[in-house]
Amino acid sequence: MPAQPPVASADLLRQQGLKVTAQRVAVLRAVSDRAHSTAEDVATTVRAEIGTISRQAVYDVLGALVEVGLVRRIQPSQSPARYEARVDDNHHHLICRDCGSIVDVDCAVGRMPCMHPSDDHGYEIDEAEVVYWGRCSDCRTAAAAD
């Protein structure tokens, strides 16, 4: 079966009941094009595309996109919030302690132990957040060369 063509940003906004604006389209495109972006990264990308946009407007749009599930917000320890458009699964993140790079890590294959705590305290669990910390291969190589 052929892959479905990607849905345009404007259509995604409409499907979620959001008004289509140049700012919303540009912010959604910026997050989709570069996973794990900070709000500042998004603002810089959007300004290059459409011109002036305030920092507050970027935060407002990101908040609206998170609220309707088009964007996921993650907040690694001692780091600004990051935004990504990969929202259709329960994946985790691997973060380098040295350079701060972030990569996606798929949830455990097979039975998903990350979704089944020893005691759910009556909660209906629909998401688990696991963050793996370490050093990326570039930073390990650089440290070994020192």
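Structure: above.
The text that follows walks through the structure, step by step, so that each part is easy to find.

1. Regarding unusual backbone geometry
Across residues other than glycine, the phi torsion is negative in most instances, and most of the peptide bonds are trans.
Line of reasoning, step 1. Even without glycine at this site, histidine 36 takes up a positive phi of about 70°.
Line of reasoning, step 2. Residue position: histidine 36 is located in the loop between helix H2 (22-33) and helix H3 (39-50).
Line of reasoning, step 3. Located in the positive-phi region is histidine 121, a residue other than glycine, with phi close to 50°.
Line of reasoning, step 4. Relative to the elements of secondary structure, histidine 121 occurs in the loop between strand E4 (102-105) and strand E5 (131-134).

2. Digging into the packing of H2 against H3
Line of reasoning, step 1. Where H2 contacts H3, the axes come no closer than 9 Å and their chain directions differ by 125°. The orientation of H2 relative to H3 falls into the category oblique. Crossing handedness for the pair H2 and H3: right-handed. Contact residues: H2 offers Ala22, Gln23, Ala26, Val27, Arg29, Ala30 and Val31, while H3 offers Val42, Thr45, Val46, Glu49 and Ile50.
Line of reasoning, step 2. In terms of residue class, the contact of H2 with H3 is built from eight nonpolar, two polar and two charged.

3. What about the state of the cysteines?
Line of reasoning, step 1. Tallied over the entire structure, the rule returns zero disulfides.
Line of reasoning, step 2. Take cysteine 99: it sits in no disulfide, and the sulfur closest to it among the cysteines is that of cysteine 96, at 3.7 Å.

4. Structural notes on the sheet that holds E5
Line of reasoning, step 1. Spatially, the three strands line up as an open sheet ordered E4-E3-E5, and their pairing is mixed. Every interior strand has two partners, whereas the edge strands, E4 and E5, have only one. In this sheet, neighbouring strand axes are inclined to one another by 25° on average, regardless of whether the strands run parallel or antiparallel.
Line of reasoning, step 2. Note: strand E3 (residues 92-96) against E5, four bridges, orientation parallel. Residue isoleucine 95 lies in a different strand from E5, and its bridge partner there is tryptophan 133.

5. Describing H2
Line of reasoning, step 1. With twelve residues, H2 should reach 16 Å at 1.5 Å per residue; the first-to-last C-alpha distance of 16 Å fits that figure.
Line of reasoning, step 2. The complete set of buried residues in H2 reads Val25, Ala26, Val27, Leu28, Ala30 and Val31.
Line of reasoning, step 3. The elements touched by buried residues of H2 are helix H1 (9-15), H3, helix H4 (55-67) and strand E2 (82-84).

6. Notes on the side chain of threonine 38
Line of reasoning, step 1. Secondary-structure assignment places threonine 38 in the loop between H2 and H3.
Line of reasoning, step 2. Of the residues examined, threonine 38 reaches a relative accessible area of 11% and is grouped as buried.

About the thresholds
Residues numbered from 1 in each chain as written. Predicted model: local features only at pLDDT ≥ 70, side-chain atom pairs only at ≥ 80, totals over all residues. Heavy atoms only, no water. Helix = DSSP H or I, 4+ residues; strand = E, 2+ residues; numbered from the N terminus. Axes fitted to C-alpha atoms, helices over the stretch in contact; angles between N-to-C directions. Parallel < 35°, antiparallel > 145°, perpendicular 65-115°, else oblique. Left-handed = near helix turned anticlockwise from the far one by under 90°. Contact = heavy atoms within 4.5 Å. Nonpolar A, V, L, I, M, F, W, Y, C, P; charged D, E, K, R; others polar. Disulfide = S-S within 2.5 Å. Pairing = 2+ DSSP bridges. Expected span 1.5 Å × (residues − 1). Buried < 20%, exposed > 50% of the residue type's maximum accessible area, 1.4 Å probe, protein only.

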